[in-house]
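Structure assessment
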Amino acid sequence: MKILGIETSCDETAVAVVEDGTKLLSNVVATSLDLHAVYGGVVPEIAARSHLESIIPVISQSLDQAKTEWSNIDALAVTYGAGLGGSLLVGVMSARTLSLIKNKPLISCSHVLGHIYANFINSTTLQGYQLPTSQPEFPFIAIIVSGGHTQLALFKDYFDYQLIGKTQDDAIGEAFDKVAKILGLPYPGGPAIAKIAANGQDSAYSLPKAKVGKYDFSFSGLKTAVLRLAQEQVGENYDFPSYMLSERLNKAQKANIAASFQHIAIETIVDKVKLAVDEFKPRSILLAGGVAANSLLRESLLKSFSCPLLMPDIKLCTDNGAMIGALGGWQFKHSVGLADAYSLEINPNLSM
Ligand code: KG4
Ligand code: ZN
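Residues numbered from 1 in each chain as written. Chains lettered and ligands numbered in written order. Predicted model: local features only at pLDDT ≥ 70, side-chain atom pairs only at ≥ 80, totals over all residues. Heavy atoms only, no water.

Further remarks concern the coordination of the zinc ion (ligand 2). Distances from the zinc ion (ligand 2) to its protein donors, His111 (NE2), His115 (NE2) and Asp319 (OD), fall at 2.0 to 2.1 Å. Spacing between the donor residues of the zinc ion (ligand 2) along the chain follows H-x3-H-x203-D. Residue His115 is found in helix H4 (residues 111–117), and its partner Asp319 is found in the loop between strand S11 (309–310) and helix H11 (322–333); the two are separated by 204 residues along the sequence. The exposure class assigned to His115 is buried, which follows from its relative accessible area of 2%. The exposure class of Asp319 is buried, given its relative accessible area of 14%. (Donors = N, O, S within 2.8 Å, 3.2 Å for Na, K, Ca; no water. Helix = DSSP H or I, 4+ residues; strand = E, 2+ residues; numbered from the N terminus. Buried < 20%, exposed > 50% of the residue type's maximum accessible area, 1.4 Å probe, protein only.)

In structure tokens form, the structure reads like this:
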């Protein structure tokens, strides 16, 4: 069963073909990142316009890469939320139209659930992927860490899950992006912080961990603590503008701030997962979302747990069509989220 997965919720126009929810046959991603970098974040209008230009070529390339034709595709899966309205619309309207023209079933997918299902991909015909070697076992704990979400979920079965905790304010990826901005690093901030943190001391500065509910998160206090620390380091008081900090901080200070921030942010995640593993005794742990690409997080989790830890290939951590192709396959199998091609609407605020 081959599913064509379409993902356009933010700035990536991404399409993949996935077989049986587990085998990756193609994975094509066109990003408008360069167009947003000068603004320090994603500009919704630019993202939507760029999806419009890219979506048809990306679908064609994805079919070519999978060495397959429309006649071999069993269904279309598309992200209908959460995400930017204009961006989601391009993917959903393309999928609705193709579903009608090609006469294929249409499956509506949640972006966040997609990130989790990236972990079900454990084989591929493509080169250069490091995939989990086994399938997740239920019950599992999913750690969702992205630019829009930070949450823990307990899965008893494919579509039987409960959210056990989430961020009360900023998502962890958002905190990486905001701290990067203070340090004058490019968007997206996660990879940039990780890179300079490698030259810094993670114990250089002590930063706070938020005190929130047992499985909840909060990253806005940490971000403010970084801002205050940077202001102190350049000898200014707390009304000194954040956009002027990066030119006053030296290289060592930036590396130390990045390392100290990354250390606390990652430790916060690992601490909460430890509590959840103690209480729920899962048979697997799944890591998902853009921040899952962070190597300190990957290493810290691997060190901390004995039960199988599944992590997608780095290329399948940030937004991609493969995760939607995989989720679509499992939804199709379980008859979940079969959508009407005449009426499927986007849901920018969709929660898990
Ligand atoms: O999942 P994703 O591509 O988009 C959302 O669904 O939000 O995640 C993007 C987020 C950004 O905040 C980016 O800074 C972060 O993932 N990110 C990282 C790394 N790579 C991407 N954060 C930390 N370390 C990384 N290596
Ligand atoms: Zn995402």
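Taken together, 19 residues lie near ligand 1, and His115, Gly147, Asp177, Gly190 and Gly290 sit nearest. The separation between an oxygen atom of ligand 1 and a polar main-chain atom of Asp319 is 3.1 Å. Placement of ligand 1 is best described as lying within the largest pocket. Elements supplying a minimum of two residues to the shell around ligand 1: H4, helix H5 (172–182) and helix H6 (189–197). Residues of the shell around ligand 1, tallied by class, amount to 5 nonpolar, 12 polar and 2 charged. Counting the residues that make up the shell around ligand 1, at least three belong to each of domain 1 (2–132 + 313–339) and domain 2 (140–310). (Near = heavy atom within 4 Å. Polar contact = N/O pair within 3.5 Å; in protein donor to acceptor, adjacent residues only side chain to side chain. 1 Å grid on protein atoms, 1.4 Å probe; cavity = no way out; pocket = protein on both sides within 12 Å on 5 of 7 lines; lining within 4 Å. Sits in = over half its atoms within 2 Å of the grid points. Nonpolar A, V, L, I, M, F, W, Y, C, P; charged D, E, K, R; others polar. Domains from an automatic or database assignment.)

Let us look at the packing of aromatic side chains. Enumeration according to the criterion identifies 13 aromatic pairs in this entry. Seen from their ring centres, Tyr215 and Phe280 are 5.9 Å apart, and the 45 degrees between their planes marks the pair as tilted. Linking Tyr215 in the loop between H6 and helix H7 (220–233) with Phe280 in helix H9 (residues 251–280), this pair joins segments that are 65 residues apart in sequence. On the accessibility criterion, Phe280 (23% relative accessible area) is partly exposed. Within the aromatic cluster, the residues linked to one another by ring pairs are Tyr117, Phe120, Phe138, Phe140, Phe155, Tyr158, Phe159, Tyr161 and Trp330. The ring of Phe217 carries Lys272 above its face, with NZ or CZ at 6.0 Å from the centroid. The lysine or arginine in question, Lys315, covers the ring of Tyr129, its NZ or CZ lying 4.3 Å from the ring centre. (Phe/Tyr/Trp six-rings, centres within 6.5 Å; stacked < 30°, edge-to-face > 60°. Lys NZ or Arg CZ within 6 Å of the ring centre and 35° of its normal.)

What follows concerns unusual backbone geometry. One can expect most non-glycine residues to show negative phi and most peptide bonds to be in trans. Note that the residue after Phe138, namely Pro139, is joined by a cis bond; omega there is -5 degrees. Turning to its location among the elements, Pro139 is positioned in the loop between strand S6 (123–124) and strand S7 (140–145). That bond from Tyr187 to Pro188 is cis: its omega, -5 degrees, falls within 30 degrees of zero. With respect to the helices and strands, the residue Pro188 is situated in the loop between H5 and H6. Non-glycine residue Asp20 carries a positive phi angle of around 50 degrees.

Glancing now at the domain arrangement of the protein chain. Entries for the protein chain in the domain assignment read domain 1 (2–132 + 313–339) and domain 2 (140–310). Computed from C-alpha coordinates alone, the two centres of domain 1 and domain 2 are separated by 26 Å. Buried area between domain 1 and domain 2, summed over both chains or domains, comes out near 1900 Å², and the portion from carbon and sulfur atoms is 77%. Taken together, the links from domain 1 to domain 2 amount to 3 residue pairs in polar contact (both at pLDDT 80 or more). Listed by contribution, the elements that provide at least two residues to the side of domain 1 that touches domain 2 are H4 and H11. It is H4 that provides the largest number of residues to the side of domain 1 that touches domain 2, a total of 5 residues. In terms of residue class, the side of domain 1 that touches domain 2 is made up of 14 nonpolar, 7 polar and no charged. (Buried area = accessible area lost by both parts, 1.4 Å probe.)

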